[in-house]
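# Residue-level structural notes
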Amino acid sequence: MQNPLLKYAQHSPKFNGLHDVLNEVFADPQVRLALQHDLVPVGSQAAWNGCPAMPAVVTGSLAVVRRLMGWSYRTLAEEVDLSVGWRWVCQLYAHPMPNFRTIRDREALVSPKTVQLIHMKVVYLGQAVGITTGYRLRLDSSAIEMNIHYPTDSSLLSDAARVLSRWLGVARQVVTPKSRQAKAWFRRRHRQARRLARAIARQSKSKAKNAGKTSLKWYAQLLHLLEQLVAQVKEVQQQLTVFKQAAAQHIGEMFDQYIPLVQQVITQTRRRVLEGKSVPAAEKVVSLFEPQTDIIVRGKAAPKETEFGHKIWYAEVDGGLITEYRLLTGNPPDALQVIPSLRQHRRLFKRAPREVSGDRGLYSPENETAARRLGVRQVSLPKPGYKSKPRQRREHQKWFRAAQRFRNGIEGRISQLRRARGLNRCLNHGQAGLERWVGWGIIANNIAVIVMKLNQWRVPLVDALC
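Along each chain, the written sequence defines residue order, and numbers are assigned to residues from 1. Restriction of local features to residues with pLDDT of at least 70 applies here, the model being predicted, together with a cutoff of 80 or more for giving and counting side-chain atom pairs; totals for whole chains, interfaces and linings are based on all residues. Only hydrogens and water are set aside; all other atoms, that is, all heavy atoms of the structure, feed into the side-chain values.

Per the convention used, a helix needs a DSSP run of H or I reaching at least four residues, while a strand needs a run of E reaching at least two, with both numbered from the N terminus. When helices and strands are tallied, the protein shows 19 helices and seven strands. With the C-alpha coordinates aligned to their principal axes, the bounding extent of the protein is approximately 80 × 75 × 40 Å. Three exposure classes are used, based on accessible area relative to the maximum for each residue type with a 1.4 Å probe and protein chains only: buried under 20%, partly exposed in between, and exposed over 50%. Going through the 466 residues of the protein one by one, you find that 50% of them count as buried. Two residues qualify as a contact provided that any one of their heavy atoms is within 4.5 Å of a heavy atom in the partner residue. At a minimum sequence separation of 6, the contacts of the protein that also span at least 24 residues come to 70%. Using a 1.4 Å probe, accessible areas were evaluated by the Shrake-Rupley method; residue-level cover was limited to the displayed protein chains. Just so you have it, the protein exposes about 24,000 Å², and 53% of that area is on carbon and sulfur atoms. All tallies of charge rest on Lys and Arg as positive and Asp and Glu as negative; His and the ends of each chain are not included. Note that the charge is assigned to NZ on lysines, CZ on arginines, CG on aspartates and CD on glutamates. A distance of 5 Å separates the average location of the 73 positive side-chain charges in the protein from that of its 35 negative side-chain charges.

The following block contains the structure:
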């Protein structure tokens, strides 16, 4: 006899449409093969040894549901475990619910390339069911912050002392020095660096006349402390070469990772604080743990005039589907991204959009000319600054103003992505983690759009595909 709760879930619009869409996406052979390749690498024993693993479709479904609902991994495991509907949606059924750490670790194995493939399959599905025609395209960019503290020179130096001292303590357990002179190379200096950093932070708020000179003196002490710590680490690295254990090799790799970053922090602090020189944003390190973080200045009001993260480029079509997202390096002008998006749209829909719209930052005469050559009939990119009389008449035409009203919708879409899909701040680590974070957020948004449209039409997915 069928479980009545499962019967309710199968007839609930909340679960039914989402189950059908997820099943259609993850049943695709290319998606299944890509997930299997990521979760079961070639040469590993996971395919034939040990306990039965969680199916790949469950891993993907749990990732989408987590971003849809804004849950943590622990909350996801608890909610899905106690709900027949969510078990059915994630195709977990009567199988035991995996630990939240297992869910997190398996999701981290999915490569950004596979996430991009899943995103394209969702876009193709939206196109197949009639969510979008691809005739209208709107473009814009936004920024996603990395999960780091506000970078100041003193705090970065304190972080450097803390992480190097921590690994010196680990190295001491491997080397086990005996003499007092040998133990001195493993001296940890993080507490002294932290006291100096806090003193500098307090002095920066002081209104005393000699506050600047005092801060410079403490900065000089802090820099000298870090240089001593770097010299210690280099000596310990030489001592570790004698040991062949895996632990010694891992400590050496950590030192190799952090030492160049710490030296760059020391250099930029000396140039900025002691020498009074400006350091270009491309040469700055704003985090030792997320060194790929960019400094983004987009002319916003305080306190968001400077953001520390990455710039994301969005392309949205009519119907509300995000057809393209790209992580940009640094803070490039938005106008350079228009033509690549039009070419990507042509590859996706096999034709150019009838209309493309954007804000003033996307305008350039080259963009308008190239867009028309690619087959775009109506290019709605307002020109900033002075406008000639013919240009004013062009931008006051009915089609131009209608395209700008359509363009305004991407502002709301980006706001929803940042608020409801977590694209305001990335909680993953590393460049690959950032790409996964953004990709799953876009996938969750597109799936939600498809499910809501099907529920509004009251048409099952199978009928919509026919």
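Exposure above 30% relative accessible area and the lack of any salt bridge qualify a residue for a patch; like charges then connect within 9 Å, and the nonpolar side chains Val, Leu, Ile, Met, Phe, Trp and Tyr within 5 Å. One speaks of a salt bridge when a side-chain nitrogen belonging to Lys or Arg is within 4 Å of a carboxyl oxygen belonging to Asp or Glu. Judged by side-chain charge, R166, R188, R191, R194, R195, R198 and R202 come together as a positively charged surface patch. Per element, the largest residue contribution to the positive patch is five residues, and it comes from helix α11 (residues 190-204). Mapped onto the elements, R191 comes out in helix α11. For R191, a relative accessible area of 53% gives the class exposed.

Once that is clear, we can look at the confidence of the model for the protein. pLDDT runs from 0 to 100 and stands for how confident the predictor is about each residue. Averaged over every residue, the pLDDT of the protein is 91; residues scoring 70 or more account for 96%. For the protein, helix α1 (residues 4-10) is the element with the lowest average pLDDT, namely 55, and strand β5 (residues 355-357) is the one with the highest, namely 97.

Moving on, we come to the side chain of R66. Tracing the backbone through its elements, the reader meets R66 in helix α4 (residues 56-69). Judged by its relative accessible area of 5%, R66 is buried. A polar side-chain atom of R66 sits 3.5 Å from a polar atom in the side chain of E107. Excluding its chain neighbours within four sequence positions, the residues that come into contact with R66 are W71, S72, Y73, L76, E107 and W437. For this analysis, a polar contact is any N or O atom pair within 3.5 Å, provided that within protein one partner can donate a hydrogen and the other can accept it, and provided that sequence-adjacent residues contribute only side-chain to side-chain pairs.

Bringing the nonpolar core into the picture now. For our purposes a nonpolar core is just a set of buried Ala, Val, Leu, Ile, Met, Phe, Trp, Tyr and Cys residues, chained together by side-chain atoms within 4.5 Å. Counting 90 residues, the largest nonpolar core has V21, L62, I118, Y314, L342 and I447 as its most contacted members. Of all the elements, helix α18 (residues 430-457) adds the most residues to this core, at 13 residues. Leaving out residues up to four positions away in the same chain, L62 has contacts with M54, L76, V80, C90, M97 and I103. Core analysis: the second largest hydrophobic core is formed by 38 residues, V230, A248, V262 and V265 among them.

This next bit is on empty space enclosed by the protein. As defined here, a cavity is a set of points on a 1 Å grid over the protein atoms alone where a 1.4 Å probe fits but cannot get out. A pocket is an open set with protein on both sides within 12 Å along at least five of seven lines, and residues line them when an atom is within 4 Å of a point. Grid points are joined across faces, edges and corners, and a volume is the space filled by probe spheres set on the points. The full count for this structure, using the stated rule, is one cavity of 30 Å³ or more. Empty space within the largest cavity amounts to approximately 40 Å³. Lining the largest cavity, in full, are A315, T323, E324, S341, Q344, H345 and L348. Sorting the residues of the lining of the largest cavity by element identifies β4 (322-328) and α14 (338-349) as the ones contributing at least two each. Counting residues per element, the lining of the largest cavity draws most heavily on α14, which supplies four residues. Gly falls in the polar group here, along with every residue not listed as nonpolar (Ala, Val, Leu, Ile, Met, Phe, Trp, Tyr, Cys, Pro) or charged (Asp, Glu, Lys, Arg). The residue inventory of the lining of the largest cavity, partitioned by class, reads two nonpolar, four polar and one charged.

Another point: the environment of R413. With respect to the secondary-structure elements, R413 resides in helix α17 (residues 398-420). Beyond its immediate stretch of four places on either side in the chain, R413 contacts E316, G320, I322, N445 and V449. Within the structure, the side chain of R413 is placed 2.9 Å from the side chain of Q416, a separation counted as a polar contact.

Moving on: the pattern of salt bridges. Inspection of the entire model under this criterion finds 21 salt bridges. A salt bridge links D28 to K121, with the nearest nitrogen and oxygen atoms 3.7 Å apart. Pair noted here: D28 is in the loop between α2 (13-26) and α3 (29-39) and K121 is in helix α8 (residues 112-128), with a separation of 93 residues, a long-range link. For the pair shown, D28 and K121 are each scored as buried.

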